[in-house]
Amino acid sequence: VSIESYNLVMKVMALSCGRKGGSVGRALCQEVVDMLSEMSEKGISPDRNSYECVIESWARCSRDGDPYCAEKANEWLMTMERLHETNEGEEDFSPSTRVYNLVIDAYNRSGRKGTGVKAAAVLSRVPDPNDGSYITAILALSRTASERNV
């Protein structure tokens, strides 16, 4: 089995996480994480795409308002950032702007107090933010601000 095969299956599962939500979505996310471990056990080194699939699965799971999933997406993003910092050029583990945006959006959609600040904190780490990065962080911050005014 190749890394491409693993990444393809993980990508499909990540897309499904957003459709399921709740405990079923969380279970699918955990299966994606388990596949990452399985790859390592079989001597297949996960790559940038593998980690991005894990992050995407947790980010999509948060779409039903689950702050736990947003936190997990951010934890995996920080793992990927650490891999990028310590890898010294052997493999490019730099998270894409799209993946940062997924985590910002996960906080936005989780809709809990304090998530706007967390979204802004992720935005501050994006090396090359785009319009979507800013718009989604502003939405998360405005949601937090409107909660205070209610």
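Preceding block: the structure.
The text that follows walks through the structure, step by step, so that each part is easy to find.

The rules behind these values
- Residue numbers run consecutively from 1 along every chain, following the written order of its sequence.
- pLDDT decides what is reported in this predicted model: residues at 70 or higher carry local features, side-chain atom pairs at 80 or more are listed and counted, and totals for whole chains, interfaces and linings draw on all residues regardless.
- Only heavy atoms go into the side-chain values, all of them from the structure, while hydrogens and water stay out.
- When two rings of Phe, Tyr or Trp (its six-membered ring) have centres within 6.5 Å they constitute a pair, described as stacked for plane angles under 30 degrees, edge-to-face for angles over 60, and tilted for the intermediate range.
- A helix here means a DSSP run of H or I that spans at least four residues, while a strand means a run of E at least two residues long, and both kinds are numbered starting from the N terminus.
- For each residue, the accessible area found with a 1.4 Å probe, counting protein chains only, is set against the maximum for its type, and the residue is called buried under 20%, exposed over 50%, and partly exposed in between.
- For the purposes of this section, nonpolar cores are sets of buried Ala, Val, Leu, Ile, Met, Phe, Trp, Tyr and Cys residues that join through side-chain atoms within 4.5 Å.
- Note on contacts: a residue pair is in contact if any heavy atoms of the two residues lie within 4.5 Å.
- One side-chain nitrogen of Lys or Arg within 4 Å of one carboxyl oxygen of Asp or Glu is enough to make a salt bridge.
- In a helix, the anticipated span is given by 1.5 Å times the number of residues less one.

**Topic: the packing of aromatic side chains**
Then comes step 1: Throughout the structure, instances matching the rule amount to 3 aromatic pairs.
Then comes step 2: A ring pair is formed by tyrosine 51 and tryptophan 76, whose centres lie 6.2 Å apart and whose planes are at 45 degrees; its orientation type is tilted. With a gap of 25 residues between them, tyrosine 51 in helix α3 (residues 48-61) and tryptophan 76 in helix α4 (residues 67-86) connect regions that are remote in the sequence.
Then comes step 3: You can call tyrosine 51 buried: its relative accessible area is 12%.
Then comes step 4: We classify tryptophan 76 as buried; its relative accessible area is 17%.
Then comes step 5: Ring-pair connections join several aromatic residues into one group, and the members of that group are Tyr51, Trp76 and Phe93.

**Quick notes on the nonpolar core**
Then comes step 1: Formed by 40 residues in total, the largest nonpolar core has its most connected members in Met10, Val54, Trp58 and Trp76.
Then comes step 2: Elements with a contribution of two residues or more to this core: α1 (3-20), α2 (22-41), α3, α4, α5 (97-110), α6 (115-123) and α7 (131-148).
Then comes step 3: Apart from residues lying up to four places away in sequence, tryptophan 58 is in contact with Arg26, Cys29, Gln30, Val33, Tyr68, Cys69, Ala70, Lys72, Ala73 and Trp76.

**Regarding the pattern of salt bridges**
Then comes step 1: Overall, the coordinates contain 10 salt bridges when judged by the stated rule.
Then comes step 2: Between arginine 109 and aspartate 105 there is a salt bridge, and its shortest N-O distance comes to 2.6 Å. Separated by 4 residues within a single helix, arginine 109 and aspartate 105 lie in helix α5, roughly one turn from each other.
Then comes step 3: Judged by relative accessible area, which is 39%, arginine 109 ranks as partly exposed.
Then comes step 4: With relative accessibility at 15%, the residue aspartate 105 sits in the buried group.
Then comes step 5: Counted as one network, the salt bridges with shared partners bring together Lys11, Glu56, Arg60 and Arg98.

**Some remarks on α5**
Then comes step 1: Between the first and last C-alpha of α5 there are 20 Å, a value that for 14 residues agrees with the 20 Å anticipated at 1.5 Å per step.
Then comes step 2: With 12 of 14 residues buried, α5 lies mostly within the body of the structure.
Then comes step 3: All of the buried residues along α5 are Thr97, Val99, Tyr100, Asn101, Leu102, Val103, Ile104, Asp105, Ala106, Tyr107, Asn108 and Ser110.
Then comes step 4: Trailing α5 by a residue or two, glycine 111 shows a phi angle of about 60 degrees, which is positive.

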